Amino acid sequence: MADPVRKIKTIAMKDMARQALGWPARLLFPPVCAGCRRHVSQPGVLCGACWPKLRLLEKPWCPVMGTPFTHDMGDGFLSAEAIADPPPFERARAAVVYSGVARQMVRGLKYQDRTDLAPWMARWMMRAGAELIAEADVVVPVPLHWRRFFRRQFNQSAELARAVSKLSGLPFAPAAVRRVKLTRQQVGLERHEREENVRAAFRVPPEAEIEIAGRRVLVIDDVFTTGATARSVAKALKKGGAGAVDVLTFAHVLPGDFRADESATI
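Residues numbered from 1 in each chain as written. Predicted model: local features only at pLDDT ≥ 70, side-chain atom pairs only at ≥ 80, totals over all residues. Heavy atoms only, no water.

## Overview of the overall build of the protein chain
For step 1, the next point in the chain: Scanning the protein chain from N- to C-terminus turns up ten helices and six strands.
For step 2, the next point in the chain: Counting over 266 residues, the protein chain shows a buried share of 47%.
For step 3, the next point in the chain: Sequence separation of 24 or more characterises 73% of the internal contacts of the protein chain that already satisfy a separation of 6 or more.
For step 4, the next point in the chain: Accessible surface computed for the protein chain: about 14,200 Å², of which carbon and sulfur atoms make up 56%. (Helix = DSSP H or I, 4+ residues; strand = E, 2+ residues; numbered from the N terminus. Buried < 20%, exposed > 50% of the residue type's maximum accessible area, 1.4 Å probe, protein only. Contact = heavy atoms within 4.5 Å. Areas by Shrake-Rupley, 256 points an atom, 1.4 Å probe, with all protein chains shown as cover.)

Here it is as structure tokens:
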């Protein structure tokens, strides 16, 4: 029989070695707050000043749109948005409200090449989308058009999707849907303009149909604003053979908070 004391000592020694190997990196690149970049105790956490500015989305919420209710409306109660304009996806969920420090994090990832934020944002997304992840078969990011990808060199939605895939163990299919129309930036567009901008903008290429055929697809994006992009991607996936589509984002612009100008949202 193995000596339990020796086993505990071995685990402790390995732990100490792992921490020692990490010391040079921590000295050269000390962990900073994901919101304001002040120094913090460990990577991926918020400082005491930023944490209160982050509003996590919690139940009760609309089972379809994921928008929060002020109080519990009972099982199956839908929001006005879900009733008036039923989406082509089954469920949408987001980790946080798009405001304050969440907005800073999204902009850092999207415009300041802060790809280091993606794994930590994905952890919050895992919590918010636990029920979606449990039923999903494959993870698919909202794609960029190849010209925009060439200029930016990375896709923030793909970074988040890759992290969600790694944390959940779900297959990652970055080429399952393609953006076939070079759309305008959604920033500055009104709600109806956003819908028209992404209409028929996505397509499942024939060689990717096997990856999604009959499967429940989990679409990943950074922000759910009006839902125009999520709807367009879901329609393309359904047309390409997906059995069902759910949407998981880091942040959600709540109904009533949307404004087209860049100072308000992305």
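## Overview of unusual backbone geometry
For step 1, the next point in the chain: Here the bond from lysine 59 into proline 60 is cis, since omega is 5°, no more than 30 degrees from zero.
For step 2, the next point in the chain: By the secondary structure assignment, proline 60 is in the loop between helix H1 (4–28) and helix H2 (80–84).
For step 3, the next point in the chain: Its identity is not glycine, yet aspartate 113 carries a phi of approximately 60°, on the positive side.
For step 4, the next point in the chain: One can find aspartate 113 in the loop between helix H3 (100–111) and helix H4 (118–128).

## What to know about helix H10 (residues 228–239)
For step 1, the next point in the chain: Taking 1.5 Å as the rise per residue, H10 with twelve residues should run 16 Å; its terminal C-alpha atoms sit 17 Å apart, in good agreement.
For step 2, the next point in the chain: The set of residues buried in H10 consists of Ala228, Thr229, Ala230, Arg231, Ser232, Val233, Ala234, Ala236 and Leu237.
For step 3, the next point in the chain: Positive phi appears at glycine 241, one or two residues downstream of H10, with a value of about 115°. (Expected span 1.5 Å × (residues − 1).)

## Examining the side chain of arginine 114
For step 1, the next point in the chain: Positionally, arginine 114 belongs in the loop between H3 and H4.
For step 2, the next point in the chain: Note on arginine 114: relative accessible area 8%, which makes it buried.
For step 3, the next point in the chain: Within the local environment of arginine 114, its side chain forms a polar contact with the side chain of aspartate 116, the two groups lying 2.9 Å apart.
For step 4, the next point in the chain: If we skip the residues at most four places from it in the chain, arginine 114 touches Val32, Arg37, Gly108 and Leu109. (Polar contact = N/O pair within 3.5 Å; in protein donor to acceptor, adjacent residues only side chain to side chain.)

## Remarks on H3
For step 1, the next point in the chain: In this model, H3 (twelve residues) spans 16 Å end to end at C-alpha, consistent with the 16 Å of a helix rising 1.5 Å per residue.
For step 2, the next point in the chain: Within the sequence span of H3, burial applies to Val101, Ala102, Met105, Val106, Gly108, Leu109 and Lys110.
For step 3, the next point in the chain: A positive backbone phi angle near 60° is found at aspartate 113, which sits one or two residues after H3.

## Describing the pairing of strand S5 (residues 216–224)
For step 1, the next point in the chain: Most of S5 is tucked away, with eight of its nine residues classed as buried.
For step 2, the next point in the chain: Pairing of S5 with strand S6 (residues 244–252), which is carried by eight bridges, proceeds in the parallel orientation. Residue pairing in the sheet places aspartate 221 in a bridge with threonine 249 of S6.
For step 3, the next point in the chain: In this fold, S5 hands off to H10, which returns the chain to S6; that crossover is right-handed. (Pairing = 2+ DSSP bridges. Right-handed = clockwise from strand over helix to strand, strands pointing away.)

## A word on the packing of aromatic side chains
For step 1, the next point in the chain: Within this structure, the stated rule accounts for four aromatic pairs.
For step 2, the next point in the chain: Pairing tryptophan 51 with tryptophan 124 gives two aromatic rings, centres 6.5 Å apart and planes at 50°, and the pair type is tilted. Here tryptophan 51 is found in the loop between H1 and H2, whereas its partner tryptophan 124 is found in helix H4, with 73 residues between them in sequence.
For step 3, the next point in the chain: Relative to phenylalanine 250, the ring of tryptophan 124 has its centre 6.1 Å away and its plane inclined at 25°; by these criteria the two rings are stacked. One end of the pair, tryptophan 124, is in helix H4; the other, phenylalanine 250, is in strand S6, with 126 residues separating them in the sequence. Taken individually, tryptophan 124 and phenylalanine 250 each receive the classification buried, so the pair is uniform in this respect.
For step 4, the next point in the chain: The structure contains a cluster of three or more aromatic residues connected by ring pairs, namely Trp51, Trp124 and Phe250. (Phe/Tyr/Trp six-rings, centres within 6.5 Å; stacked < 30°, edge-to-face > 60°.)

## Considering the layout of surface pockets
For step 1, the next point in the chain: One number sums up the size of the second largest pocket: a volume of about 310 Å³.
For step 2, the next point in the chain: Lining the second largest pocket are 18 residues, and of these Pro143, Leu144, Phe149, Asn155 and Pro174 sit closest to its centre.
For step 3, the next point in the chain: Among the elements that line the lining of the second largest pocket, the one with the most residues is helix H7 (residues 156–168), at three residues.
For step 4, the next point in the chain: Across the lining of the second largest pocket, the residue classes break down as eleven nonpolar, three polar and four charged. (1 Å grid on protein atoms, 1.4 Å probe; cavity = no way out; pocket = protein on both sides within 12 Å on 5 of 7 lines; lining within 4 Å. Points joined across faces, edges and corners; volume = space filled by probe spheres on them. Nonpolar A, V, L, I, M, F, W, Y, C, P; charged D, E, K, R; others polar.)

## Side note on the sheet that holds strand S2 (residues 138–141)
For step 1, the next point in the chain: Ordered in space as S1-S6-S5-S2, the four strands form an open sheet in which the pairing is parallel. Because the sheet does not close on itself, it has two edges, and the strands there are strand S1 (91–97) and S2. In this sheet, neighbouring strand axes are inclined to one another by 25° on average, regardless of whether the strands run parallel or antiparallel. (Axes fitted to C-alpha atoms, helices over the stretch in contact; angles between N-to-C directions.)

Just geometry here; none of it tells us what the structure is for.
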